[in-house]
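Descriptive analysis of the structure
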Amino acid sequence: MHAPEGTEGSGVRGPRTSYDVLVIGGGIIGLVTAWRAAQRGLRTAVADPSPGGGAAQVAAGMLAAVTELHYGEETLLGLNLASAARYPAFAAELEEASGQDIGYRACGTLAVALDADDRAHLRELHALQLRHGLDSQWLTGRECRRLEPLLAPGVRGGLRVDGDHQTDPRRLTAALVTACERAGVELRRAWVRRLSVVRDRAAGAVLEDGTELGAGQVVLAAGSRSGQLAGVPDEVLPPVRPVKGQVLRLRVPGAYAPFLSRTVRAVVRGGQVYLVPRESGELVVGATSEELGWDTTVTAGGVYELLRDAHELVPGITELPLVETRAGLRPGSPDNAPLLGPTALPGLHLATGHYRNGVLLTPVTGDAMAEALTTGELPGEARPFSPCRFTSAPRAPRVLQEQPV
Ligand code: GLY
């Protein structure tokens, strides 16, 4: 595959480099897409000022297909389960390709209830899980504490989900950067100013400094900023919005280990709280969910709520050193599911909108995008997530200023 030769209509001059595939955005989704595309023999570049940044630097890395099941999201459940099933082989392949450990840990999850309302909510979730044939076991409070002795005495019951595991998103990202480099992916460390469209086809992108990159196919994988790229026709622009999550990182000193043996989570006063223990001794506590636009401020209120709720679950956390507080932006979509594959603009694909499931969906997204880039078609399991599901209803036109993505 070769990029079109002309630059007509771009208004940009200068040397032009051409790729088979240009991925805009170097977070985990952009990187896995590029890695898989390069493995299929496509000459691939990723444009991002700091590849490996993005929401994965904040994410806890839960692979929670079963414990994060919601009513109305049964189609997404299928994709989440397909990706979870691929994780062991994906982790082994990526670790081999990069020479780095991605912290994949088959530890399971315990979702607990602290009061009667929480317990009723968990009972509903359990019934939904069983209706879908998922592996989830109801435990009494005492059985929960037998599994995790540091749980609060007031825990009223819980769900043991042995198939919801975790990986370390920072290690995953670093490994993907290395795997991309080793597979020959070119990392263009720059912001993208706009998409280039030539004769009604995506033809590359213009970088911040005016450099034009040509490409036979372009993948927009810019996370929560994916809906902001100038040059993308309005009807194709993904309806993605930022959803803020504040996350804490604590450290479990050797004397306290093992603190928790698996991910422990709950819904407290309507908010999700989870504690994800890593083998390295890191304990991740997340996460708020805030619709505040592009704000990434860590607030006293956010930290307070997370610590208050986590403390209700596991009182001993107040003894642990707090080593990091950070906020990131999940790429939310109207149906909480990703947008994958070809758009109505020939040559432009999307890989965005993964919302709460970016880390979980990394393996299946890489496979689906590689298939779409080489055959023009998404594999069966990814077809319900075509961006075309949002393009039938016309949306009000938006005027986008050129701003780097
Ligand atoms: N999947 C966890 C979160 O987005 O907070």
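Before going into details, it helps to say that this report is about the structure given with it. This one's a predicted model, so the numbers in the text were calculated from it and none came from an experiment.

Here we take up the site of the ligand. Met62, Glu68, Tyr274, Ala287, Arg330 and Arg356 make up every residue found near the ligand. Taking Tyr274, its side chain carries an N or O atom lying 2.5 Å from an oxygen atom of the ligand. Arg356 places a main-chain nitrogen or oxygen 2.8 Å from a nitrogen atom of the ligand. In the complex, the protein chains occlude 87% of the 200 Å² of accessible area that the ligand would expose alone. Structurally, the ligand is housed in the largest pocket. The residue inventory of the shell around the ligand, partitioned by class, reads three nonpolar, no polar and three charged.

Here the structure, examined in full by the defined rule, presents three aromatic pairs. Ring centres of Trp35 and Phe90 lie 6.2 Å apart, and the angle between their planes is 70°; on these two criteria the pair is classed as edge-to-face. Residue Trp35 is found in helix H1 (residues 28–39), and its partner Phe90 is found in helix H2 (residues 74–98); the two are separated by 55 residues along the sequence. Among the aromatic residues, those joined into a cluster by ring pairs are Trp35, Tyr87, Phe90 and Tyr104.

Attention shifts here to the pattern of salt bridges. Under the definition given, this model contains 25 salt bridges. Between Arg356 and Glu68 there is a salt bridge, with the nearest N and O atoms lying 3.1 Å from each other. Of this pair, Arg356 sits in the loop between strand E18 (348–352) and helix H7 (362–375) while Glu68 sits in the loop between strand E3 (62–63) and H2, and the two are 288 residues apart along the sequence. Assessed through its relative accessible area of 23%, Arg356 is described here as partly exposed. Arg389 is paired through a salt bridge with Asp335; the nearest N and O atoms lie 2.8 Å apart.

Rules and cut-offs
Residues numbered from 1 in each chain as written. Predicted model: local features only at pLDDT ≥ 70, side-chain atom pairs only at ≥ 80, totals over all residues. Heavy atoms only, no water. Near = heavy atom within 4 Å. Polar contact = N/O pair within 3.5 Å; in protein donor to acceptor, adjacent residues only side chain to side chain. Areas by Shrake-Rupley, 256 points an atom, 1.4 Å probe, with all protein chains shown as cover. 1 Å grid on protein atoms, 1.4 Å probe; cavity = no way out; pocket = protein on both sides within 12 Å on 5 of 7 lines; lining within 4 Å. Sits in = over half its atoms within 2 Å of the grid points. Nonpolar A, V, L, I, M, F, W, Y, C, P; charged D, E, K, R; others polar. Phe/Tyr/Trp six-rings, centres within 6.5 Å; stacked < 30°, edge-to-face > 60°. Helix = DSSP H or I, 4+ residues; strand = E, 2+ residues; numbered from the N terminus. Salt bridge = Lys/Arg side-chain N within 4 Å of Asp/Glu carboxyl O. Buried < 20%, exposed > 50% of the residue type's maximum accessible area, 1.4 Å probe, protein only.

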